[in-house]
Amino acid sequence: MQAPSFFEQGTLVSVLTTQPLDRLLDYKAPEGGCFAGAFVEVPLGPRLVFGVVWGPGAGGYDPSKIRAVNKVLDVAPMREEMRLFLTKAADYTVSPMTSMLRLATRAPGLGDPPSMQKIYRLGEGAPDRMTPARQKVLAVLEEFGGLSFTLGELAEMAGVSTSVVKGLVKQGVVAEQDTPRDRPYPQLDPEMSGKDLTEAQAKAAGQLSAKIRNGDFGATLLRGVTGSGKTEVYLEAVAECLRAGRQALVLLPEIALSAEFLNRVQARFGAVPAEWHSGVTMTERRRCWRMVGQGGAQLVVGARSALFLPFRDLGLIVVDEEHDSSYKQEDGVLYNARDMAVLRASMCGAQVVLASATPSLESWANAETGKYDRVDLTARYGPAVMPDMRAIDMRVQDLPSNRWISPALEGLVRGRLAAGEQAMLFLNRRGYAPVTLCRACGHQIACDDCDARMVEHRFLKRLMCHQCGATKPMPQACPSCGVEGKLAPVGPGVERLAEEVAELFPDTRVAVLSSDLYGSARALKEHILTIADGGADLIIGTQLVAKGHNFPKLTLVGVIDADLGLQGSDLRAAERTFQLMRQVAGRAGRADKPGLAVLQSFQPEHPVIRAILGADDEAFWRAEAAERLAAGVPPYGRMAGIVVSGPDVQAVFDLAGEMARRTAPLQKIGAQVFGPAPAPIARIRGQHRVRLLIKAAKSAPIQTALRQWAGQFRVPPSLRLQIDIDPQSF
Ligand code: ADP
Ligand code: ZN
């Protein structure tokens, strides 16, 4: 790598700030000069703002008017490769550079000098007396032997107040120590022996490791049926990367998954890695951000935004469950972490492993064309076999109204419970009932600010909007006609299903796994581990349970409504339903007992339902691919969604209409423009949303055309324009 350029004092440099101006600003290099990539503080109007020295200044202004950089912050400069990545990511997503910089600097106190903090670990002393609270603290310290915690962390993990910990410190039972706030993470040891891999696993791991030893960029689709040991395999790739002295990043779609994953990392490498996601404290984030840059973190386990951490030498990015829709960031900069992972890796000569049992059609197609390598694991590990899959034809099931568990499914559940095994009922609907209807006038209670119905949550005793999160108490009288006592729940949510379960299986231990029933990510994680341990016999769950949890005793999965995702005209609906159903079914029979998955459906002859039940996944993807090709949509064409939003519906439609009329830059690349039409959710938080869809050939330079086109319009301050490359629904 070449040395970064240095700017002597007084030379012009261009600085990228996080302020909402989409351009670089010229400054004079400060006393002592600065490197390209330096984190700096610069004057902007009356204020001092944060920025990064991007390169030489553009010049062209009166030099006497140009101000000097105020100071260089005590942070390692941003590497050139990172600056290039941010530039390309901004180009790809058609978003401002300043927003990209904000993504890359999401750590508190970046410029602050290193400070000290107290950390706590097991001491030598013995307590004068034992209390249950003290016992909890000691249990945590014993369980995580080598680790030390901050006061807050330790108290939270033990579920006690900080004074309990302080009491133990006084007696020397817990030792207190001053350390720099940003200390390196414990060393991971790739030479510790992992599990004995099967022949197929060893072969797959060998293929990935060989690519890592090459030290170049490359991407591999690791396609393995649920329970085939994908995680074991990519952990070997991580080991190879660590051996090469490079850093690794594992992206997971769900924080709740990380508990199990951290345990597996600890078992494989002898220590837990750094974590980066919304559940991590600010102090820990700052530590992670800094240590990643200094090489004090070998492995990061994180959410999609971890892609923007300043890795010193990133050699491997694993995107686990790569098809998962939560990898798409739907707020601010709209990006798909899977695509950004590939871009980032291509900038720093890293390998990407995209792991999934049901890959996205995008990745499947890239493997077909040879752009990605493909490694397959076709059998489950050990004696576990793939679950049997069947449909229950709901048209012939005799089911009273407000009942959702068919007699056939009920019988199956009974059988499993009698055998001492676990069963799971899957319903992808949070809350009690999706609709609250007035039986007097037919009114359905809707959110005041969104184009969405309010969902009753009995557990919270409120109605909730799943778009904006607003809640309100359940009214006595209908808000439309005023009649009292006529509001009734319609349709099932998981809470309502739990009532039915309680009636059918009164003496069974039931657990409901739905994100909104937990106060914190930690509570959810712990509950999942308890359930996996056998802490419940019947699990009721939403999408949350579909994502990769291991429940060894689970042998039956019943999908309450397999048709749910197939309504509507979205071209991705088939793919999404296929992935979700397979994922859910994959929870069944992961240990030594065979599993069964049943799908309750009113249309069991539907091609997607048939594909889910069938064994020929390649045939499903080929059929999907043919449809997308015929429609000219991703992955065989380019699409972009342009959403105009604002409080005034007329103004929103006016701008969108004008945009639809003046499309010269788009026509030049042969793109088609559809709309304007109400966006899939036509109103959120009082903002009306109208969408245009742009479709172009795969090879068309759609980003450049979009920038030119969108640049023609003056967007009034009350309106917002959002460009979504490769939208989730079309
Ligand atoms: P996947 O990620 O493909 O769903 P996992 O890696 O989670 O599969 O493996 C499924 C289960 O099988 C896990 O409990 C894992 O520990 C176990 N397993 C997989 N491969 C091995 C192996 N070679 N030796 C021991 N246990 C294994
Ligand atoms: Zn709302």
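- Going by the annotation in an unreviewed UniProt entry, the name recorded for the protein chain is Replication restart protein PriA, with Actibacterium mucosum KCTC 23349 given as the source organism.
- For the protein chain, the Sequence similarities (unreviewed entry) comment in UniProt is given as "Belongs to the helicase family. PriA subfamily."
- According to its UniProt record, the protein chain has this under Subunit (unreviewed entry): "Component of the replication restart primosome."

**With respect to the confidence of the model for the protein chain**
Move 1: On average, residues of the protein chain score 89 in pLDDT, and 97% of them are at 70 or above.
Move 2: Complex prediction metrics read pTM 0.87 and ipTM 0.97.

**A word on the sheet that holds strand β20 (residues 454–457)**
Move 1: Taken together, the 3 strands give an open sheet; going across it, the order is β20-β21-β22, and neighbouring strands pair in antiparallel fashion. At either end of the open sheet lies a strand with only one pairing partner, and these are β20 and β22 (471–472).
Move 2: The pairing of strand β21 (residues 462–465) with β22 spans 2 bridges and is antiparallel. By the bridge assignment for β22, M464 is matched with T471.

**Describing the sheet that holds strand β28 (residues 637–646)**
Move 1: Judged by pairing direction, the sheet is antiparallel, and its 4 strands sit side by side in the order β29-β30-β28-β31 without closing on themselves. Each edge of the open sheet carries a strand with a single partner, namely β29 (672–684) and β31 (720–725). Here the average twist between neighbouring strands, direction ignored, is 25°.
Move 2: Two elements, β28 and β31, share 6 bridges in a ladder whose sense is antiparallel. Considered in β31, the bridge of A640 is made with I725.
Move 3: Taken strand by strand, helix α18 (residues 649–661) contacts β28, β29 and β30 (687–697), and its axis lies near 15° from that of β30.

**Structural notes on the site of ligand 1**
Move 1: If you check the shell around ligand 1, you find 15 residues, and the closest are K195, G229, K230, T231 and Y381.
Move 2: Tallying contributions element by element places helix α7 (residues 230–243) first for the shell around ligand 1, with 3 residues.
Move 3: For the shell around ligand 1, a count of residues per class yields 2 nonpolar, 9 polar and 4 charged.

**Brief notes about the nonpolar core**
Move 1: Counting residues in hydrophobic clusters, the biggest one holds 151 residues, and the most contacted among them are V15, Y234, V238, V300, I317, A341 and V352.
Move 2: It is α7 that provides the largest number of residues to this core, a total of 8 residues.
Move 3: Apart from the residues lying within four places of it in its own chain, the contact partners of I317 are L249, A341, R344, A345, A350 and V352.
Move 4: Core analysis: the next-biggest nonpolar cluster, separate from the first, contains 24 residues, V643, M659, L666 and A705 among them.

**A closer look at unusual backbone geometry**
Move 1: Residue P635 is bonded to the preceding P634 through a cis peptide linkage, with omega at 5°.
Move 2: Mapped onto the fold, P635 is located in the loop between α17 (617–631) and β28.
Move 3: Across the junction of G675 and P676, the peptide omega takes the value 10°, indicating a cis bond.
Move 4: Within the secondary structure, P676 sits in strand β29.
Move 5: In the Ramachandran plot, N402 falls in the positive-phi region, its phi being about 60° despite a non-glycine side chain.
Move 6: In this structure, N402 sits in the loop between β17 (388–393) and α12 (407–418).
Move 7: Owing to 14 C-beta atoms within 10 Å, N402 belongs among the partly exposed residues under this scheme.

So, how was this worked out
Residues numbered from 1 in each chain as written. Chains lettered and ligands numbered in written order. Predicted model: local features only at pLDDT ≥ 70, side-chain atom pairs only at ≥ 80, totals over all residues. UniProt positions renumbered as here; feature names shortened; annotations may be inferred. pLDDT = per-residue confidence, 0-100. Pairing = 2+ DSSP bridges. Helix = DSSP H or I, 4+ residues; strand = E, 2+ residues; numbered from the N terminus. Axes fitted to C-alpha atoms, helices over the stretch in contact; angles between N-to-C directions. Contact = placed C-beta atoms within 7 Å. Near = placed C-beta within 6 Å. Nonpolar A, V, L, I, M, F, W, Y, C, P; charged D, E, K, R; others polar. Core = buried A, V, L, I, M, F, W, Y, C linked by C-beta atoms within 7 Å. Buried ≥ 20, exposed ≤ 12 C-beta atoms within 10 Å, placed from the backbone.

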